[in-house]
Amino acid sequence: MAKILNLDKLVPQAEIRELSVGGVSHPILEMTVKNFIETTKAAQALEAETDVVKQLEATIALILRFVPSIGREALDAFSLERLAQIVAFVRGEDLDAAQAAAVSQTEAAGK
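Residues numbered from 1 in each chain as written. Predicted model: local features only at pLDDT ≥ 70, side-chain atom pairs only at ≥ 80, totals over all residues. Heavy atoms only, no water.

Draft legend 1. Molecular detail of the pattern of salt bridges. This model, assessed by the stated rule, comprises two salt bridges. Where glutamate 57 meets arginine 72, a salt bridge forms, and the shortest distance between an N and an O atom there is 3.0 Å. Separated by 15 residues along the polypeptide, glutamate 57 in helix α3 (residues 52-66) and arginine 72 in helix α4 (residues 72-76) bring together distant segments of the chain. Overall, glutamate 57 belongs to the partly exposed group, its relative accessible area being 37%. Look at arginine 72 and you get partly exposed, because its relative accessible area is 30%. Residues aspartate 76 and arginine 72 are paired through a salt bridge, measuring 2.8 Å at the closest nitrogen-oxygen approach. (Salt bridge = Lys/Arg side-chain N within 4 Å of Asp/Glu carboxyl O. Helix = DSSP H or I, 4+ residues; strand = E, 2+ residues; numbered from the N terminus. Buried < 20%, exposed > 50% of the residue type's maximum accessible area, 1.4 Å probe, protein only.)

Right, here's the structure in full:
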């Protein structure tokens, strides 16, 4: 008798999440092993980074990795607060915590 590991029965499907901008819904991709590795590498590379522009570019790259349909142009038009909220939502974080992070990022960019 064959033994079968049926992942469809063991692992529940991930919650479907979307980002709505201007009445258009953009699906947020699931965290895959590849995305996790790439995201972790980027975060490690930026740990000691003090250049705000490089930090923002990495934030935009993270969002585009998980929400490719939104496009760079749309992200460039958002405030720093909105970018922080988007990245927090993409990462599955609490949006109240994202608001606090956005305030910190805005203050750092203003210096």
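Draft legend 2. Quick peek at the environment of leucine 62. Structurally, leucine 62 is set in helix α3. Relative accessible area serves as the criterion here: at 10%, leucine 62 is assigned to the buried category. Separated by 25 residues in sequence, leucine 62 and valine 87 place their C-alpha atoms 7.5 Å apart. Look past the residues within four positions of leucine 62 in its chain and what remains in contact with it is Thr39, Val87 and Arg91. (Contact = heavy atoms within 4.5 Å.)

Draft legend 3. Layout of the packing of α3 against helix α5 (residues 80-90). Following both chains from N to C, one finds α3 and α5 inclined at 45°, their axes separated by 10 Å at the closest point. Relative to α5, the element α3 lies oblique. Between α3 and α5 lies a crossing whose hand is left-handed. Where α3 abuts α5, its residues Leu56, Thr59, Ile60, Leu62, Ile63 and Phe66 lie against Leu80, Leu83, Ile86, Val87 and Val90. Classifying every residue of the contact of α3 with α5 gives 10 nonpolar, one polar and no charged. (Axes fitted to C-alpha atoms, helices over the stretch in contact; angles between N-to-C directions. Parallel < 35°, antiparallel > 145°, perpendicular 65-115°, else oblique. Left-handed = near helix turned anticlockwise from the far one by under 90°. Nonpolar A, V, L, I, M, F, W, Y, C, P; charged D, E, K, R; others polar.)

Draft legend 4. The arrangement of the packing of aromatic side chains in detail. Scanning the entire structure with this criterion turns up zero aromatic pairs. The ring centre of phenylalanine 89 lies 5.2 Å from the NZ or CZ of arginine 17, which sits over that ring. (Phe/Tyr/Trp six-rings, centres within 6.5 Å; stacked < 30°, edge-to-face > 60°. Lys NZ or Arg CZ within 6 Å of the ring centre and 35° of its normal.)

Draft legend 5. Representation of the nonpolar core. Judged by nonpolar contacts, the single largest core of 14 residues is most densely connected at Ile63, Val67 and Leu75. Secondary-structure elements contributing two or more residues to this core are α3 and α5. Ranked by residues supplied to this core, first place goes to α3 with five residues. Among all residues touching valine 67, those that are not within four sequence positions of it are Leu19, His26, Pro27, Ile28 and Val90. (Core = buried A, V, L, I, M, F, W, Y, C linked by side-chain atoms within 4.5 Å.)

Draft legend 6. Here's a closer look at the pairing of strand β1 (residues 18-21). Pairing geometry for β1 and strand β2 (residues 24-27), over four bridges, is antiparallel. Bridge pairing in β2 links glutamate 18 to proline 27. (Pairing = 2+ DSSP bridges.)

As far as function goes, none of this settles anything; it's purely spatial.
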